[in-house]
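Report on the structure
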Amino acid sequence: MGLFILKRLGVMILTSLCLTYIVFFLTNLYPNLEKLAKTQGNFRMSDEAVASFLDSRGYLQSTPAKYAQWLGAMPAPVTYTEDGTPLGKCVRPGMEADAVPSFCGILQGNWGWSTVSKDEVSAVLATRLGNTGYLMMWVMIVMVPSALVIGVLAGMREGSRTDRSLSTVSILSTATPEYVSGVIFIAFLASSRYGISPILADWGWIDGKTLFKGTAAKAMESPDLQNFTLPVITIALYGMGYIARMTRASMAEVMTAQYIRTARLKGVSFRNIIMKHALRNALIAPFTVIMLQVPWLLNGVVIVETLFNYKGFGWQLVNAAGNNDIDVLLGISVVSVVVVLLTQLISDIGYVYLNPRIRIS
Amino acid sequence: MEPLTWTGSLGTAVDPVFTIIAFLFLAMVVLQIVGSFAFAAVDHKINADGTITYDTGPNALIGKGVKYSLFALLALIILYLLSGIIVPGSSGIIGALSAQLAPVWVALVFTFLVSIVYKRKLGLYGKLFDSTVGMIGFALVMFWVYTAVFTGVFDMIATHDPLGQLSGMKNKAPGTPVRGADPAECGLSCYYLLGGDNLARDVFSRVVEGSWIVIAIAPLATLFAFMIGITLGLPAGYFGGRLDTVLSFLANLVLAFPVILLFYLLVTPEIVQIGIPNYMAMVLGLFPIMFIVVVLNSRFHTRPKVRTPLMLAVVGASVWMYLSFVSSGGYFVSTPTYSIPGLPTFLDLFDIDPGILVVAVSVAFVNSITVFRIVRGLALDIQTRDYVAAAQTRGEGPWYIMLWEILPNARGPLIVDFCLRIGYTTILLGTLGFFGLGLAPESPDWGTTINDGRKLMQLYVHPALPPAMALLSLVLGLNLLADGLREESLRD
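Residues numbered from 1 in each chain as written. Chains lettered and ligands numbered in written order. Predicted model: local features only at pLDDT ≥ 70, side-chain atom pairs only at ≥ 80, totals over all residues. Heavy atoms only, no water.

On to the overall build of chain B. Scanning chain B from terminus to terminus reveals 19 helices and six strands. If you line up chain B on its principal axes, its C-alpha atoms span 75 × 75 × 45 Å. In chain B, buried positions account for 50% of the 492 residues. Contacts in chain B between residues at least 24 apart in sequence constitute 70% of all its contacts with a sequence separation of at least 6. Accessible surface computed for chain B: about 23000 Å², of which carbon and sulfur atoms make up 70%. Separation between the mean location of the 27 positive side-chain charges and that of the 30 negative ones in chain B comes to 9 Å. (Helix = DSSP H or I, 4+ residues; strand = E, 2+ residues; numbered from the N terminus. Buried < 20%, exposed > 50% of the residue type's maximum accessible area, 1.4 Å probe, protein only. Contact = heavy atoms within 4.5 Å. Areas by Shrake-Rupley, 256 points an atom, 1.4 Å probe, with all protein chains shown as cover. Lys, Arg positive; Asp, Glu negative; His and termini not counted. Charge placed at Lys NZ, Arg CZ, Asp CG, Glu CD.)

This is the structure:
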């Protein structure tokens, strides 16, 4: 088991290195650097000014060299302007010329500098990840139980009317991407002129103009039912259908097993068969699916955070990619690789744990 | 001119009935869900003499209620749609939309009639018409296919230019007549049937034009992805070993990327400018040619007399298509700083809009990775079968076994996945549009339109809702179709 985890960690580091190198290469292509220079300096820079801006900050070295500097395996060069202000990768605003460290990379625990937020990448990403973590927590709280209930109810009597209608609901939810369901929810629940909000306001059932808020911009400081519901259910809905279908398939399979028939013939009541015999085995497969669903949720998070203006990890991704904020993009790639591979690892280990028939050899 | 109401003059009489039946139907459905837990299940008894005693318990009665109210509802909807076609203007916006879509209805009815009559002779496709879910899915998909074809190829359905901005129509409600239009000459194109967007363009025309972009790109990009995934996945699963390790590592590498970050890295204007998508198109475009060559060669290499002319013709044609695909305006790659000359323009069969090329290539690339994993898994599974061992004993080459023994036996899951994947591709295309990547900002595709419309969502919902519903119904149709196909293919 220890060796297995160690091997997986090795793969994780190798994948992160390859992935960050690809991101590094693409973000350091000259047109992207030019965009960076123009957003940092001003938009009417001449080509020579752009070149000297980039050169003085060390952007024009070869890509492997810059990558090694980002990793912290190579010293980053420092140049000085005429008045002695240092410029370079390791330089932070307000730093004295003699305080500039020669190494500043991942190995030194330094994740770089966000050129858009004017802050350390680690600080930026920590707040963003905190926000997204909170969102994801609520998504999980809403999505997992409802998906499992739908799946179990549908799979318990395969082919019945309940099964048909619940399966249709789960197909519908997998067919609705976040940007569609978000738009529909805003139209029906958060618009002061359409949907149910005007009716409810007319009857005096709600205080404000709308039932929910179409933006979650305030949800970072004070999340409440009004501004946080729509983002949560928008993400939860898309993932729910898939988990429900997997649960249904697994439940239906378990219900045809021999030991269930035995229990039936023994005279165990249907309720007890479901609760005591079937559920335990039927929930092994959905556990894996839920874990593997997390990276997919990350995708939904990007869309929903953009749609509802919630400043989390996904919002940061779009912001950084739009402005070619190199260090932030690299940090984001590392985080997402770790999330993807960690959830895979957890799902594998959990599977072994839940299913004693399988052992990792 | 009066603006159109949703259901027009027919609506004043029929609307109340429709509302009552709709509420009745909803109440019945709720009752049915409650009833399935509260009362005994419906149980028709088959008597000893072969007759059936129908159950008349509460659940059976509720079931009947649901059925008949649903039929009544459908009949009323058909009434609205038909009356709009037969008496123009009699059933408001809904009727006008229906009249505008008349060619689509005709084509749909014709397709269904022919398919149902000959369904026993049509193989898996015919079996689809045995399952209700499959038929509904097929109808939704074909609705959009016909809409797209009639709009994009025959220029029939759209009432206005999707890019045309008419003064005074900004954010106007559905059914608003165009300012200064003369009803005698323009008919239905006097109206913005689904309203105007924030740049005063016709929402209806944009939605139907957008369907052409989706229907043209999504299946082709998916087909591309399948060819790439199959060409790489079969050997990875069949040979295993180091090849499998390397390819699987690369696939996992790409899968660890959040899709949107990948799109941002590949499709931003700066990257497009230096031609990376063109290089990707050049590389990915080679896979279909490789696929075709290997398929034909492995089958016919024992008969050189057939093989050589066949290969010459097919490879010639596909290379020509490939060159036309990757080169546009006489260049493979054309950037401000350098360019690689390609096929001369007089030999170039078709030019693909650079934005569409970029989008199609990146969507195909992302999908091909997942297809690779599926095909690899199927190959691993199927290669243990006896018929593969038999072919090996016969002395067949590895490519023959992969393409003519393993692949045909994996077709069931692959066909189902193909349907699902077209839906996923549609979602990805919408995502790209939603983030404004690749396609031009005024492009009428659904993602871009949703993104445009969402900014004023609190005040005007009509610009964003129709494309959202369109995308939803197409993807839903594809999912239902896949479900029907899976059910029917499992039944054999």
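This is not the end of the story, as more comes after the structure.
If you check helix α9 (residues 225-255) of chain A, its first and last C-alpha atoms are just 39 Å apart, much less than what 31 residues at 1.5 Å a residue would give, namely 45 Å. Along α9(A), the sharpest change in direction is near 30 degrees and occurs at M240(A). (Expected span 1.5 Å × (residues − 1). Bend = angle between axes of the 7 residues up to and from the residue.)

Taken together, the contact pairs 53 residues of chain A with 47 residues of chain B. Summed over both sides, the interface between chain A and chain B buries roughly 4400 Å², with carbon and sulfur atoms accounting for 75% of that surface. It is I171(A), Y179(A) and V183(A) in chain A that bury the most area against chain B; as a group they hold 13% of the surface buried on that side. One can count one salt bridge joining chain A with chain B. Between R245(A) and D483(B) there is a salt bridge, and its shortest N-O distance comes to 2.7 Å. The interface formed by chain A and chain B contains three residue pairs in polar contact (both at pLDDT 80 or more). Among the elements that make up the side of chain A that touches chain B, the one with the highest residue count is helix α1 (residues 2-27) of chain A (eight residues). A class-by-class count of the residues in the side of chain A that touches chain B yields 34 nonpolar, 14 polar and five charged. (Buried area = accessible area lost by both parts, 1.4 Å probe. Salt bridge = Lys/Arg side-chain N within 4 Å of Asp/Glu carboxyl O. Polar contact = N/O pair within 3.5 Å; in protein donor to acceptor, adjacent residues only side chain to side chain. Nonpolar A, V, L, I, M, F, W, Y, C, P; charged D, E, K, R; others polar.)

Another point: the packing of helix α12 (residues 284-308) of chain A against helix α14 (residues 326-354) of chain A. Residues and elements named next belong to chain A. Where α12 contacts α14, the two axes come as close as 9 Å, and the packing angle between them is 175 degrees. In this view, α12 runs roughly antiparallel relative to α14, as classed from their interaxial angle. Contacts from I284, F287, T288, M291, L292, V294, P295 and L298 of α12 reach α14 at S336, V339, V340, T343, Q344, I346, S347, G350, Y351 and L354. Here the residues of the contact of α12 with α14 sort into twelve nonpolar, six polar and no charged. (Axes fitted to C-alpha atoms, helices over the stretch in contact; angles between N-to-C directions. Parallel < 35°, antiparallel > 145°, perpendicular 65-115°, else oblique.)

Turning next to the confidence of the model for chain A. Predicted confidence across chain A gives a mean pLDDT of 85, with 99% of residues reaching 70 or more. Least confident of the elements in chain A is strand β2 (residues 86-88) of chain A, whose mean pLDDT is 78; most confident is helix α5 (residues 121-156) of chain A, at 92. (pLDDT = per-residue confidence, 0-100.)

Here we come to the packing of helix α14 (residues 354-382) of chain B against helix α17 (residues 411-434) of chain B. Two packed helices can be described by the angle between their axes and the distance between those axes. All names here are of chain B. Remark: α14 packs on α17, axes separated minimally by 10 Å, with the N-to-C direction vectors making an angle of 150 degrees. When the axes of α14 and α17 are compared, the pair comes out roughly antiparallel. Here α14 and α17 pass one another in a crossing that is right-handed. Residue-level inspection shows V359, S362, V363, V366, N367, T370, V371, I374, V375 and L378 of α14 in contact with α17, the latter providing P413, L414, D417, R421, Y424, T425, L428, L429 and L432. Of the residues that constitute the contact of α14 with α17, the class distribution is 13 nonpolar, four polar and two charged. (Left-handed = near helix turned anticlockwise from the far one by under 90°.)

Glancing now at the packing of aromatic side chains. Taken as a whole and assessed by the stated rule, the structure comprises 24 aromatic pairs over all chains. Considering the side-chain rings of Y134(A) and F228(A), the 5.4 Å spacing of their centres and the 35 degrees angle between planes classify their relative orientation as tilted. Taken together, the positions of Y134(A) in helix α5 and F228(A) in helix α9 put the pair 94 residues apart, joining distant regions of the chain. Following the ring pairs from residue to residue traces out a cluster consisting of Y21(A), F24(A), Y67(A) and W70(A). Positioned over the ring face of Y68(B) is K67(B), at 5.9 Å from the centre of the ring. R299(B) extends its terminal NZ or CZ atom over the ring of W404(B), reaching a point 4.5 Å from the ring centre. (Phe/Tyr/Trp six-rings, centres within 6.5 Å; stacked < 30°, edge-to-face > 60°. Lys NZ or Arg CZ within 6 Å of the ring centre and 35° of its normal.)

Another aspect to go through is the environment of T81(A). Structurally, T81(A) can be placed in the loop between β1 (78-80) and β2. On the basis of relative accessibility, which here comes to 32%, the residue T81(A) falls in the partly exposed class.

Residues and elements named next belong to chain A. Locating T247 in the fold gives a position in helix α9. Expressed as a C-alpha distance, the spacing of T247 and A147, which sit 100 residues apart in the sequence, is 7.9 Å. Apart from the residues lying within four places of it in its own chain, the contact partners of T247 are A147, L148, G151, V152, L283 and P286.

This part is about the side chain of S473(B). Residues and elements named next belong to chain B. Note that S473 resides in helix α19 (residues 465-491). Classification of S473 as buried rests on a relative accessible area of 17%. Among the polar contacts made by the side chain of S473, one reaches the side chain of W144 at a distance of 2.9 Å. Beyond its immediate stretch of four places on either side in the chain, S473 contacts L140 and W144.

This part takes up the pairing of strand β5 (residues 331-334) of chain B. Residue and element names in this part refer to chain B. In terms of strand pairing, β5 meets strand β6 (residues 339-341) through three bridges, oriented antiparallel. Within β6, the residue paired with V333 across the bridge is I340. Where β5 folds back onto β6 in an antiparallel hairpin, the turn is made up of four residues. (Pairing = 2+ DSSP bridges.)

Turning to the environment of L312(B), a few remarks are in order. Looking at where L312(B) falls in the secondary structure, it is placed in helix α13 (residues 304-326). C-alpha separation for the pair L312(B) and F110(B), spaced 202 residues apart in sequence, amounts to 40 Å.

On to helix α11 (residues 270-282) of chain A, then. Residues and elements named next belong to chain A. With 13 residues, α11 ought to run about 18 Å at 1.5 Å a step, yet its terminal C-alpha atoms sit only 15 Å apart, falling short of that. Of all the bends found along α11, the most pronounced is centred on K276 and spans about 25 degrees. Among the residues of α11, I273, I274, A278, L279 and A282 are the ones counted as buried. Buried residues belonging to α11 abut α5, α9, α10 (258-266) and α12.

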